[in-house]
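Read off the chains here:
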Amino acid sequence: PMRDAGSAARAVLAERHLVTRGFGGRPEGRAAVIDRQEVVSAMVNEEDHVRLQCINPGLAPLSTWKLARRVDREMDRNLHYAFHGDWGYLTSCPTNVGTGLRVSVLLHLAGLVREGRIAQVLGGVSKLGLAVRGYYGEGSSPFGAFFQISNQTTLGQTEEDLAYTVERVGGQLAELETAARKRLVQGRNRRLEDDVHRAYGILANARLLTVDEVMEYGSSLRLGVALGLVDRPDMSTVNRLLVVTQPGHLAYAFFGEHASEVGDAARADLVRGELAAGGRV
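Residues numbered from 1 in each chain as written. Predicted model: local features only at pLDDT ≥ 70, side-chain atom pairs only at ≥ 80, totals over all residues. Heavy atoms only, no water.

Caption draft 1: Main features of the nonpolar core. Ranked by size, the top nonpolar core spans 21 residues in total, and within it Leu109, Ile149 and Leu173 carry the most contacts. Secondary-structure elements contributing two or more residues to this core are helix H2 (61-76), strand S6 (104-108), helix H4 (118-127), strand S8 (146-151) and helix H5 (159-185). Considering each element in turn, this core owes the most residues, six residues, to H5. Excluding its chain neighbours within four sequence positions, the residues that come into contact with Leu173 are Leu107, Leu109, Val121, Val125 and Ile149. Ranked by size, the runner-up nonpolar core spans 20 residues in total, among them Ala110, Leu192, Leu203 and Ala204. (Core = buried A, V, L, I, M, F, W, Y, C linked by side-chain atoms within 4.5 Å. Buried < 20%, exposed > 50% of the residue type's maximum accessible area, 1.4 Å probe, protein only. Helix = DSSP H or I, 4+ residues; strand = E, 2+ residues; numbered from the N terminus. Contact = heavy atoms within 4.5 Å.)

Caption draft 2: Spatial organisation of the sheet that holds strand S1 (residues 31-34). Spatially, the three strands line up as an open sheet ordered S1-S2-S3, and their pairing is antiparallel. On the outer flanks of this sheet lie S1 and strand S3 (50-54), each paired with one strand and no other. Within this sheet the neighbouring strands show an average axis-to-axis angle of 15°, counted without direction. Contacts from H2 reach strand S2 (40-44) and S3 within the one sheet, and its direction differs from that of S3 by about 145°. (Pairing = 2+ DSSP bridges. Axes fitted to C-alpha atoms, helices over the stretch in contact; angles between N-to-C directions.)

Caption draft 3: Here's a closer look at the packing of aromatic side chains. Per the counting criterion, the structure on display carries two aromatic pairs. With 5.9 Å between their ring centres and 85° between their planes, Tyr81 and Tyr89 make a pair best called edge-to-face. Centre to centre, the rings of Phe83 and Tyr89 are 5.0 Å apart; their planes meet at 70°, and the pair counts as edge-to-face. For Phe83, a relative accessible area of 53% translates into the label exposed. Three or more aromatic residues link up through ring pairs in this structure, and these residues are Tyr81, Phe83 and Tyr89. (Phe/Tyr/Trp six-rings, centres within 6.5 Å; stacked < 30°, edge-to-face > 60°.)

Shown next as structure tokens:
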């Protein structure tokens, strides 16, 4: 039950994409069901009575949809969904009517951003009927070169078609990003090397860091690690930093689930400690 979770704990769930960002703001009458691996979760009384979620790493919309379908069929044995023969599942938001399915991939497109091609590429994605959103999906702005790609409509296509479309487009974007990164490292790109090492230097030495700064510098460092421009930290350390420095995680780590927001000094301390443990460039 959301009313039993502290404010920091509710923020952690949102930052891990296990509940939506506004879900914990009005905790009464709401609950979250989450498996231990944080792959399958469900929100009770969010926008609709039940919102089932499945999350996997990598480009895996089709296999993730199949998992969601299995869980959904189990739930269907005991729940009576509002369903119309012509319109499909009847949801609170008209844009979800039909299959009721949203399929999303989260992509780090730092190479395309650096090349100045991101607006053109994402404009093409929008023309395919897909939505481009920020790190936290609907209502969030892109930062740190992270973009979420999702289907816009849920009516008129099968669930499998929706999952296939997002996986196919996500794969095409990954290929474009890979090509952009190869072009960036052709020859000796001093500007890119400088940006990566500056990002590391700031993260490893700063005494005050905002969330946005960690995401921006962390994005540059992540690109450098992927391109082999730095030996340390490894990718898992960078990925971890992008999560544990979010406000809810930070507050929970320092003071527990009922903590209020922790300041930028504590965030900088955490980053320095993580990078020191992961080794230097």
